[in-house]
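The residues making up each chain are set out below.
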Amino acid sequence: MTGPDVPASFKLAYVPGVIPAKWVRIWQERYPGTPLELAGVSAADAATLVRERDADAALLRLPIDRAGLHAIPLYTETTVVVCPKDHLLAAADEVSTEDLADDVVLHPLDDTLDWERPPGQPAIERPVTTAGAIELVAAGVGLLVVPQSLARLHHRRDLTYRPLTDAPQSRVALSWLEEETTDLMEQFIGIVRGRTVNSTRGRPAPEPAKRRPAAAKTGKTTADKRGGGSSRRSTGRPQGGKRGKPRRRS
């Protein structure tokens, strides 16, 4: 991985709830001489960071403005509703949006779920962040619908969450600039897609190993080694000739 377009390090941004630890570990094992820098960013700033070249790539949630950006969807998250532990919903294994019809459901400004219309009753004011909305749920102001990873990130002992069966789901994607697919970018794409270390994509193909000459067979005579002659011992007869009849004595 050499050339003028290869940076000295690779900077990866990621949004809250996304855990890049597995991919970072694989990178460090494969490319120990190339540092991978991590930058935690808000969901609203992730795509901008890539566009302004403040990061080589970002792990973010779709949908985003795709203009000028590549985006490879990696996985889909489960959507859950966060509620106090003493709420009626806590007794269910899973719930639907109809079950939220009579509750105030908070819709923070940094929400990444692609709602046509959020469920439940709207709050008087939208919280600025998901973290702030969690505090309001704990205070009994309303409920909150988020990807499960964010519910885990903001876990509190007095709150719980249940899967929401008919809600939009969040998709986590790897995004980078369309015109800047460098060798290192190709290597990171290979890691998140599960390519093995022997994959040749994004790097020069290794030269085929040279064949070693076959080992000499054992048991050859000195004549075989020197002149390639037959290993059969001489019998005093012409090779390939017929045996003559003995002469009769007179």
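Located above this text is the structure these notes cover.
What counts and how
- Residues numbered from 1 in each chain as written.
- Predicted model: local features only at pLDDT ≥ 70, side-chain atom pairs only at ≥ 80, totals over all residues.
- Heavy atoms only, no water.
- Helix = DSSP H or I, 4+ residues; strand = E, 2+ residues; numbered from the N terminus.
- Buried < 20%, exposed > 50% of the residue type's maximum accessible area, 1.4 Å probe, protein only.
- Contact = heavy atoms within 4.5 Å.
- Axes fitted to C-alpha atoms, helices over the stretch in contact; angles between N-to-C directions.
- Parallel < 35°, antiparallel > 145°, perpendicular 65-115°, else oblique.
- Left-handed = near helix turned anticlockwise from the far one by under 90°.
- Nonpolar A, V, L, I, M, F, W, Y, C, P; charged D, E, K, R; others polar.

## A few points about the environment of Leu74
You can see Leu74 is positioned in strand β4 (residues 69–76). By relative accessible area, Leu74 is classed as partly exposed at 24%. Along the primary structure Leu74 and Arg193 are separated by 119 residues, whereas in three dimensions their C-alpha atoms are 7.9 Å apart. Beyond its immediate sequence surroundings of up to four residues, Leu74 is in contact with Trp23, Leu59, Val172, Ala173, Leu174 and Val192.

## What about the packing of helix α1 (residues 21–30) against helix α5 (residues 183–192)?
Two elements in contact, α1 and α5, have axes separated by 10 Å at closest approach and are oriented at 125°. Classified by the angle their axes make, α1 and α5 are oblique. Handedness of the crossing formed by α1 with α5: right-handed. Between α1 and α5, the contacting residues are Trp23, Ile26, Trp27 and Arg30 on the first element and Leu184, Gln187, Phe188, Ile191 and Val192 on the second. Considering only residue class, the contact of α1 with α5 consists of seven nonpolar, one polar and one charged.

## A short note on the side chain of Ser175
Locating Ser175 in the fold gives a position in strand β9 (residues 171–177). Look past the residues within four positions of Ser175 in its chain and what remains in contact with it is Val50, Ala57, Ala58, Leu60, Ile64, Leu69, His70 and Ala71.

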